[in-house]
Amino acid sequence: MEKAKNLVDIYLNHKEEVDILVDEGALFLLSFLSFTGPITEEKLLSELEMSKEGSRSYLDAFKKISFIKMGKKDQITLTPFGRRFLRSLKLSGDKIKRTEKEKLYEVIRPVPTSH
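Residues numbered from 1 in each chain as written. Predicted model: local features only at pLDDT ≥ 70, side-chain atom pairs only at ≥ 80, totals over all residues. Heavy atoms only, no water.

Q: Which residues make up the sheet that holds strand β1 (residues 39–40), and what values go with them?
A: In space, the three strands of this open sheet follow the order β1-β3-β2, with antiparallel pairing throughout. With one partner strand each, in any of the chains shown, β1 and β2 (68–70) form the two edges of the open sheet. Where β2 and strand β3 (residues 75–78) come together, three bridges link them in antiparallel fashion. Looking at β3, one finds that methionine 70 is bridged to isoleucine 76. (Pairing = 2+ DSSP bridges. Helix = DSSP H or I, 4+ residues; strand = E, 2+ residues; numbered from the N terminus.)

In structure tokens:
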């Protein structure tokens, strides 16, 4: 029973971090950042057609748990810890071949076709 209490305490003390790690939208965004490499928030929002408010909670949470950092020229960059986390879930774009990345990107942002 003591272990269960410890797990509950850990969860309560890190609820925000745990919740973000099981959020599909957060995992998608983190994977997308792995795919794109360093990117400005403006470009990220444009690519994903997200609102700043919609991305802010994710990005703030990622910073808090050290998955991302702001790099040169205000570019969002995955930290080694963030990359390691994605690799543990097999969601990292690091080992995807370029052609597979291009296919993935087409799934994320399909090219419109005229009918």
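Q: Describe in detail the packing of helix α3 (residues 24–36) against helix α4 (residues 41–48), supporting the description with residues and values.
A: At a minimum axis distance of 12 Å, the contact between α3 and α4 shows a crossing angle of 115°. When the axes of α3 and α4 are compared, the crossing they make is right-handed. From α3, Phe28, Leu29, Phe32 and Leu33 reach across to α4, where they touch Leu44, Glu47 and Leu48. Of the residues assigned to the contact of α3 with α4, the class counts are six nonpolar, no polar and one charged. (Axes fitted to C-alpha atoms, helices over the stretch in contact; angles between N-to-C directions. Left-handed = near helix turned anticlockwise from the far one by under 90°. Contact = heavy atoms within 4.5 Å. Nonpolar A, V, L, I, M, F, W, Y, C, P; charged D, E, K, R; others polar.)

Q: Give me the lowdown on the nonpolar core, citing residues and values where you can.
A: By size, the foremost hydrophobic cluster in this structure holds 22 residues, and its most contacted members are Leu30, Leu44, Phe62 and Ile68. Broken down by element, the residue count for this core peaks at seven residues, all from α3. Contacts of phenylalanine 62, omitting those with residues within four sequence positions, involve Ile20, Ala26, Leu29, Leu30, Phe67 and Ile68. (Core = buried A, V, L, I, M, F, W, Y, C linked by side-chain atoms within 4.5 Å. Buried < 20%, exposed > 50% of the residue type's maximum accessible area, 1.4 Å probe, protein only.)

Q: So what's going on with the packing of aromatic side chains? Residues and values would help.
A: In this structure the tally under the stated criterion is five aromatic pairs. Here the aromatic rings of phenylalanine 28 and phenylalanine 32 are separated by 6.1 Å at their centres, their planes lie at 25°, and the arrangement is stacked. With a gap of four residues between them, phenylalanine 28 and phenylalanine 32 both fall in helix α3, about one helical turn apart. Phenylalanine 28 sits in the partly exposed class, given a relative accessible area of 37%. (Phe/Tyr/Trp six-rings, centres within 6.5 Å; stacked < 30°, edge-to-face > 60°.)

Q: How would you sum up the packing of α4 against helix α5 (residues 52–64)? Please name residues and give values.
A: The geometry of α4 relative to α5 is characterised by a closest axis approach of 11 Å and an angle of 120° between their N-to-C directions. Both α4 and α5 take part in a crossing whose hand is right-handed. Every residue of α5 that contacts α4 at Glu41, Leu44 and Leu45 is listed here: Lys52, Ser55, Arg56 and Leu59. When the residues that make up the contact of α4 with α5 are grouped by side-chain class, the tally is three nonpolar, one polar and three charged.

Q: Please give an account of the pairing of β3 that cites residues and values.
A: Along any regular strand, the residues point their side chains to alternate faces of the sheet. Two elements, β1 and β3, share two bridges in a ladder whose sense is antiparallel. Residue pairing for β3: threonine 40 is matched across the bridge by glutamine 75. In this antiparallel pair of consecutive strands, β2 and β3, the connection spans four residues, and lysine 73 shows a positive phi of 55°.

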